[in-house]
Amino acid sequence: MDNVNYIIFICIMVPLAMMLMILERKARVIITFMMVGITVCLFISEVNGLLMEVLGADMYYVTTAITPMTEELIKTLPILYYARFFTNDRESLVTASIAVGIGFAVLENMCILVGNAGNVSLLWALVRGFGSGMMHGLCTMFIGLMLATVCKKKKLFISSVFALWATAVVYHAIYNVLVQSDYKNAGFLLPTATFIPLAFIRLRQRRRDRERIRNENSGC
Amino acid sequence: MSLAQNLISCLAGFIGMVFGFMHFSRKGYGLYFKMVVLGVGCQMLGHLFFAVQTLCGNGRTDVFQVGMLSIAGCFLYLFSANYGLMDGLADDRGKGLRKYRLIALAAPLTMFVCYLPAALSESRGLSLKIGDAVIMLFLMGASYYNLKHLIISDVCGGFVKCMRPYNLSALMLAFLSVAETTLGTYGCGGLQFVFGMLMSAVLLMIVPVMSRGVEKWIM
């Protein structure tokens, strides 16, 4: 049998790529970055396999020290490229970065699902979705959000990129350490616990914006 | 660092970060403030990583750990804030301020001298030394600008003067980080604990100190 990761990759990518031609601009950007995320995931699976062979390190060390670095690095590159050469608009960058993270998580979860098809359950799906799926989305969202803030100043942009990447890597590594320990429930809750205050702030911000627009309109 | 030390530092960083986030929305709190808060948050994540790893019983101290990146990240945020945002205002590149630029080199040089015993120690593996080198690079860069903005004469309407307490705190954090690493290499547990606690205290107060500086400047 051919490599199952490639089979899943083709199954997901072909319809997305075909539909891209008839989508409007905003939706096209989202789907394109989702496809980038899926491709990055496939690429990283090969890179991680290669690194494990080269380093000869134990699985635990690789998953807590090496893979967070490689995964976050390669996930950051397309967002960095987009921020540097296409746009510094906050909404566009955050949307694109979330799409990369979610695309990455989709393929990763699919590959793990197929690899453990006999042992999965609804609980497994919830844990994967709220755990690693959210974690990948949050890590790339943080990078996209902060890149939008710093990319307007060239001096700041260059020096901040490594710091943003380091923050995402450490967060990713904390998750990986927790889910491989006796405290795996805490690991699965970590992304959700990070997400809730962020969502709350965002919803409050949206409500304020709506009120401001309403006040401006009524003032006119 | 022990589990307790990491948890205390993590808590201190968390309080500092939450304090910073609560001040984000206030008028006049710009990107400079955000960068420093992110630096504290990054350091907090590093301590959380080491605490979690120790708690899970899988902490290895002989090889490079991802948590070390948080120290590099923290000082890079502080470096970015001073180099990318403040230095253009504080230093006009003229000859009059040249002496301050030269004196400020004392900070990275002192850092390097403090770190040298750890670098020469045979007990530290190669991967740890590479990690240390990356951290030192950013730490030296950040400390250069912190010292420069601490001593430079104020030519930008009081901002440098108001930010002096913050720059002093950031410089202390950098020195304590180096001292803690060097003492840890030579197994000076007691002193390492004291320096670790001092680091937590600085981590706790750095954002409020900067916030006061910004408020003073706005007023």
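Residues numbered from 1 in each chain as written. Chains lettered and ligands numbered in written order. Predicted model: local features only at pLDDT ≥ 70, side-chain atom pairs only at ≥ 80, totals over all residues. Heavy atoms only, no water.

**Here's the deal with a positive patch on the surface**
Part 1 of the reasoning: On the surface, Arg204, Arg206, Arg207, Arg208, Arg210 and Arg214 of chain A cluster together to form a positively charged patch.
Part 2 of the reasoning: Looking at the element boundaries, Arg206 of chain A is found in helix H7 (residues 184–219). (Patch = residues over 30% accessible without salt bridge, like charges linked within 9 Å, V, L, I, M, F, W, Y side chains within 5 Å. Areas by Shrake-Rupley, 256 points an atom, 1.4 Å probe, with all protein chains shown as cover. Salt bridge = Lys/Arg side-chain N within 4 Å of Asp/Glu carboxyl O. Lys, Arg positive; Asp, Glu negative; His and termini not counted. Charge placed at Lys NZ, Arg CZ, Asp CG, Glu CD. Helix = DSSP H or I, 4+ residues; strand = E, 2+ residues; numbered from the N terminus.)

**What to know about the interface of chain A and chain B**
Part 1 of the reasoning: Counting residues at the interface gives 30 residues for chain A, matched by 32 residues for chain B.
Part 2 of the reasoning: When chain A packs against chain B, the two sides together hide about 2,600 Å² of surface, and 79% of this comes from carbon and sulfur.
Part 3 of the reasoning: Applying the counting criterion to the chain A and chain B interface returns zero salt bridges.
Part 4 of the reasoning: Here chain A and chain B share four residue pairs in polar contact (both at pLDDT 80 or more) between them.
Part 5 of the reasoning: Elements represented by at least two residues in the side of chain A that touches chain B include exactly helix H3 (59–85), helix H5 (122–150) and helix H6 (154–179) of chain A.
Part 6 of the reasoning: Split by residue class, the side of chain A that touches chain B holds 21 nonpolar, six polar and three charged. (Contact = heavy atoms within 4.5 Å. Buried area = accessible area lost by both parts, 1.4 Å probe. Polar contact = N/O pair within 3.5 Å; in protein donor to acceptor, adjacent residues only side chain to side chain. Nonpolar A, V, L, I, M, F, W, Y, C, P; charged D, E, K, R; others polar.)

**Let's talk about the side chain of Asn82 of chain B**
Residues and elements named next belong to chain B.
Part 1 of the reasoning: Position of Asn82 among the secondary structure elements: in helix H3 (residues 67–90).
Part 2 of the reasoning: One polar contact links Asn82 to Asn167, side chain to side chain, over a distance of 3.2 Å.
Part 3 of the reasoning: Residues within four places of Asn82 in sequence aside, it is in contact with Tyr32, Asp87, Tyr145, Asn146, His149, Tyr166 and Asn167.

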